[in-house]
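Next come the chains, spelled out residue by residue.
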Amino acid sequence: MDDASGPAGSATALAEIADTVRSCTRCPLSAGRSHAVPGEGNDMSDVLLVGEGPGAREDRTGRPFVGPAGELLSELLAAIGWTRADVFITNVVKCRPPANRDPEPEEKAACAPYLDAQERALQPAVVVTLGRHSLQRYLPGARIGGAHGQLRRSFTGQHVFPMYHPAAALHQASLRETLFRDIRGLPAALLDARRALAEERPASVQAQEAVDREQSPDPAADEAEQMTLFQEH
Ligand code: URA
Ligand code: SF4
């Protein structure tokens, strides 16, 4: 289960990014926020969920997906035996757009370096995009209607699993079923992505990983810890 773990040091890197985000004034959204919402979850996960931007309750608490859309997201994860603690959750923009309007292109561009940095820290096997702003970042021009529920690759090689935004299902009941159907395909998509990435890893890196495993002070403990991470999936 080596491939279930994020790179060493990701927790520190993610904490530093979160600190920077909390005091960020790179775009006008900083003016209207109560709290920036950097993101949270499992620092060692290789699954990154990316929503659009904080809503009212997220702005109040500084935590992602804690409002009504977040409740549905938790239900979706539960449908495949996962919890929020199995994944890392963040947004395209980290501060709430006024009255939940769409984030502007300039705001998304200003905030992109934080998501870039979070991806470098986590090195996710799969990015689950929630809604169209997140989808656009990874697959520009893709349409959610055709792309949802299928593992795709971005032009940077990132594996992407597009989903509708949970908030959309709160307004349009038929999407609820689609969301549940799609997320049931996520565990298999994750395994496919991990397998593809393992095969693509250069032989030199694979050899170094074998050496690192040999030199690990307590490999049994490492393995036991990693087994618990994703054993139910
Ligand atoms: N909607 C989002 O896109 N993100 C959140 O964090 C909450 C609601
Ligand atoms: Fe900074 Fe992003 Fe918040 Fe804009 S939305 S102020 S770029 S953290």
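For the structure itself, look to the data block above.
Residues numbered from 1 in each chain as written. Chains lettered and ligands numbered in written order. Predicted model: local features only at pLDDT ≥ 70, side-chain atom pairs only at ≥ 80, totals over all residues. Heavy atoms only, no water.

Here we take up the overall build of the protein. Looking only at helices and strands, one finds 12 helices and six strands in the protein. Per-residue burial over the protein gives 47% buried out of 233 residues. Sequence separation of 24 or more characterises 73% of the internal contacts of the protein that already satisfy a separation of 6 or more. Here the protein displays about 11,500 Å² of accessible surface, and carbon together with sulfur accounts for 51% of that area. (Helix = DSSP H or I, 4+ residues; strand = E, 2+ residues; numbered from the N terminus. Buried < 20%, exposed > 50% of the residue type's maximum accessible area, 1.4 Å probe, protein only. Contact = heavy atoms within 4.5 Å. Areas by Shrake-Rupley, 256 points an atom, 1.4 Å probe, with all protein chains shown as cover.)

Next up on the list: the site of ligand 2. Lining the immediate environment of ligand 2, one finds Cys24, Arg26, Cys27, Leu29, Ser30, Arg33, Lys94, Cys95, Ala110, Cys111 and Tyr114. When atoms are counted within 2 Å of each cavity's grid points, the one that captures over half of ligand 2 is the largest cavity. Here the shell around ligand 2 takes three residues from helix 5 (residues 105-122), the largest share from any one element. The residue makeup of the shell around ligand 2, split by class, is seven nonpolar, one polar and three charged. (Near = heavy atom within 4 Å. 1 Å grid on protein atoms, 1.4 Å probe; cavity = no way out; pocket = protein on both sides within 12 Å on 5 of 7 lines; lining within 4 Å. Sits in = over half its atoms within 2 Å of the grid points. Nonpolar A, V, L, I, M, F, W, Y, C, P; charged D, E, K, R; others polar.)

Neighbouring ligand 1 are the residues Gly51, Glu52, Gly53, Glu58, Pro64, Phe65, Asn91 and His165. Within the backbone of Glu52, one N or O atom sits 2.8 Å away from an oxygen atom of ligand 1. Residue His165 places a side-chain N or O atom 2.7 Å away from an oxygen atom belonging to ligand 1. In isolation ligand 1 has 240 Å² of accessible area, and contact with the protein removes 92% of it. (Polar contact = N/O pair within 3.5 Å; in protein donor to acceptor, adjacent residues only side chain to side chain.)

This part is about the environment of Gln158. Along the chain, Gln158 falls in the loop between strand 5 (152-153) and strand 6 (159-163). Exposure remark for Gln158: the relative accessible area of 14% places this residue in the buried category. When the C-alpha atoms of Gln158 and Leu197 are compared, they prove to be 9.7 Å apart, with 39 residues separating the residues in sequence. Apart from residues no more than four positions distant in its own chain, Gln158 is found in contact with Pro124, Ala125, Val126, Val127, Tyr138, Arg152 and Arg153. A polar side-chain atom of Gln158 sits 3.3 Å from the main-chain carbonyl oxygen of Pro124.

For the rest of this paragraph, the subject is the layout of surface pockets. As a volume, the second largest pocket reaches approximately 650 Å³. Lining the second largest pocket we find 28 residues, and of these Glu52, Ala69, His165, Ala167 and Ala168 sit closest to its centre. Put simply, the parts of the chain that give the lining of the second largest pocket at least two residues each are helix 3 (56-61), helix 4 (68-79), helix 6 (132-138) and helix 8 (166-171). Considering every element that reaches the lining of the second largest pocket, the biggest residue donor is helix 8, with four residues. Here the lining of the second largest pocket is composed, by residue class, of 12 nonpolar, 10 polar and six charged. (Points joined across faces, edges and corners; volume = space filled by probe spheres on them.)

On to the environment of Ala56. Among the structural elements, Ala56 can be located in helix 3. Separated by 40 residues in sequence, Ala56 and Arg96 have C-alpha atoms that sit 7.4 Å apart. When neighbours within four sequence positions are excluded, Ala56 is seen to be in contact with Arg96 and Asn100.

Bringing the side chain of Gln118 into the picture now. Tracing the backbone through its elements, the reader meets Gln118 in helix 5. Beyond its immediate chain neighbours, meaning those up to four positions away, Gln118 contacts Leu14, Ile17, Pro38, Phe88, Thr90 and Lys94.

Glancing now at empty space enclosed by the protein. This structure, assessed with the given rule, holds one cavity of 30 Å³ or more. The space that makes up the largest cavity amounts to roughly 110 Å³. Lining the largest cavity are 14 residues, and of these Cys24, Cys27, Cys95, Cys111 and Tyr114 sit closest to its centre. Broken down by secondary-structure element, the contributors of at least two residues to the lining of the largest cavity are helix 2 (29-32) and helix 5. Of the residues belonging to the lining of the largest cavity, the class tally is nine nonpolar, two polar and three charged.

Next up on the list: the pairing of strand 3 (residues 88-91). Here strand 3 shows two buried faces, one formed by Phe88 and Thr90 and the other by Ile89 and Asn91. Sheet analysis places strand 2 (residues 47-51) next to strand 3, joined by four bridges and oriented parallel. Looking at the pairing, Leu48 lines up with Phe88 of strand 3. (Pairing = 2+ DSSP bridges.)

Treat this as a map of the structure, not an account of what it does.
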